[in-house]
Amino acid sequence: MRNDLVFFAGIAWLAVLLAVTIAAIGRARTSAERLVALDTAVLVLIGLLGLVAAESRRPYALDAAMVLALLSFVATLAAARYLGDRRPFDQPDEDGPR
Amino acid sequence: MSGLVADVLVVVGLATMTLGVYGIVRFPDVYTQLHASGKAAFLGVSLLLAAAAIGGGAAIVSRVILAVVLLALTTPVAAHAIAQAAHHRREPMRTPGAVDESATTPGAGAPPVKPPR
């Protein structure tokens with residue numbers, strides 16, 4: 001059967017990696033670097049939730065992982081558009097299509 | 001046997017994930033950090049989710065497949081949006097020897113930054 005020690009060690013190591021990425025969010029020099037670090041922190045958190053779901057043999061943590069993936073995509077996209085254009089969405093009636 | 005496969009997947013996924021996070025911390029500018037975030041971290045998380053799916057029931061397997069497909073679709077788009085925004089803001093390329101080809105090609109550079117309203 002599955003060796004649970006490896007999964008426990010993986011959860012602990014991913015928690016360390018999550019702390020490192022959160023520290024990277026703090027020490028980023030520009031907004032874009034901060035956005036990249038935030039995106040990576042969400043990826044680490046999704047992996048952590050996957051391991052927790054496998055360890056507890058309950059699928060509910062994976063629901064949170066899927067919702068987190070979708071939310072982080074929309075948030076990253078909106079923040080990147082805001083960083084680049086100073087507004088999250090185009091307004092074609094003023095500028096025309098790009 | 002399947003437990004061994006799951007353990008190997010966890011270890012390889014953790015190693016890939018660690019490389020990605022190390023790249024986020026160590027790479028000098030956004031454009032190179034996006035390589036670590038968009039490739040290494042995504043591959044690591046896919047391997048970890050695959051390890052979680054092995055030995056799990058149908059509920060876990062279906063959620064893992066959905067999450068991996070979702071991530072595979074959204075991660076490149078998000079990375080491209082960040083890179084476009086960074087280039088739009090003229091973020092410096094601090095990598096030694098980096099050449100911004102889209103800045104030297106006529107007509108292909110980033111459009112001028114519009115003033116905020």
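Residues numbered from 1 in each chain as written. Chains lettered and ligands numbered in written order. Predicted model: local features only at pLDDT ≥ 70, side-chain atom pairs only at ≥ 80, totals over all residues.

**Q** Explanation requested: helix α1 (residues 2-26) of chain B in the structure shown.
**A** Each α-helix winds once per 3.6 residues, and so residues spaced three or four apart point in a common direction. Compared with an ideal rise of 1.5 Å per residue, which puts 25 residues at 36 Å, α1(B) spans 36 Å between its outermost C-alpha atoms and is within 8% of the ideal. Within α1(B), burial applies to Ala6(B), Leu9(B), Val10(B), Gly13(B), Leu14(B), Thr16(B), Met17(B), Gly20(B), Val21(B), Gly23(B) and Ile24(B). Against the buried residues of α1(B) lie α1 (4-26) and α2 (31-56) of chain A together with α2 (30-53) of chain B. (Helix = DSSP H or I, 4+ residues; strand = E, 2+ residues; numbered from the N terminus. Expected span 1.5 Å × (residues − 1). Buried ≥ 20, exposed ≤ 12 C-beta atoms within 10 Å, placed from the backbone. Contact = placed C-beta atoms within 7 Å.)

**Q** When you look at the interface of chain B and chain A in this model, what are you seeing that I'm missing?
**A** One frequent convention defines the size of an interface as the accessible area lost when the parts assemble. Of the residues lining the interface, 46 residues belong to chain B; the matching set on chain A comes to 42 residues. Secondary structure elements with two or more residues in the side of chain B that touches chain A: α1, α2 and α3 (58-88) of chain B. Among the elements that line the side of chain B that touches chain A, the one with the most residues is α3(B), at 16 residues. Taken together, the residues of the side of chain B that touches chain A break down into 30 nonpolar, eleven polar and five charged. (Nonpolar A, V, L, I, M, F, W, Y, C, P; charged D, E, K, R; others polar.)

**Q** Can you help me understand the packing of α2(A) against α1(B) in this one?
**A** Axis angle and axis distance: for two packed helices, these are the angle between their axes and the distance between the axes, and together they describe the pair. Where α2(A) contacts α1(B), the two axes come as close as 11 Å, and the packing angle between them is 160°. Our classification of the angle between α2(A) and α1(B) gives roughly antiparallel. Handedness of the α2(A)/α1(B) crossing: left-handed. Of the residues in α1(B), those in contact with Val36(A), Ala37(A), Thr40(A), Val44(A) and Gly47(A) of α2(A) are Met17(B), Gly20(B), Val21(B) and Ile24(B). Residue classes in the contact of α2(A) with α1(B) are distributed as six nonpolar, three polar and no charged. (Axes fitted to C-alpha atoms, helices over the stretch in contact; angles between N-to-C directions. Parallel < 35°, antiparallel > 145°, perpendicular 65-115°, else oblique. Left-handed = near helix turned anticlockwise from the far one by under 90°.)

**Q** In this structure, what is going on with the environment of Ser31(A)? I would like to understand it.
**A** Structurally, Ser31(A) can be placed in helix α2. The spacing of Ser31(A) and Asp63(A) is 32 residues in sequence and 30 Å in space, taken between C-alpha atoms.

**Q** Help me understand unusual backbone geometry in this model?
**A** Comment: phi is negative for the bulk of residues other than glycine, and the bulk of peptide bonds are trans. Unusually for a residue other than glycine, Arg57(A) sits at a positive phi of about 60°. Mapped onto the secondary structure, Arg57(A) falls in the loop between α2 and α3 (60-85). You can call Arg57(A) exposed: it has 12 C-beta atoms within 10 Å. In this structure, Arg90(B) takes a positive phi of about 55° despite not being glycine. Relative to the elements of secondary structure, Arg90(B) occurs in the loop between α3 and α4 (101-104).

**Q** Would you explain the confidence of the model for chain B in this entry?
**A** Of the residues in chain B, 87% have a pLDDT of 70 or more, and the chain-wide mean is 87. When pLDDT is averaged over each helix and strand of chain B, the minimum, 67, is found for α4(B) and the maximum, 94, for α2(B). (pLDDT = per-residue confidence, 0-100.)

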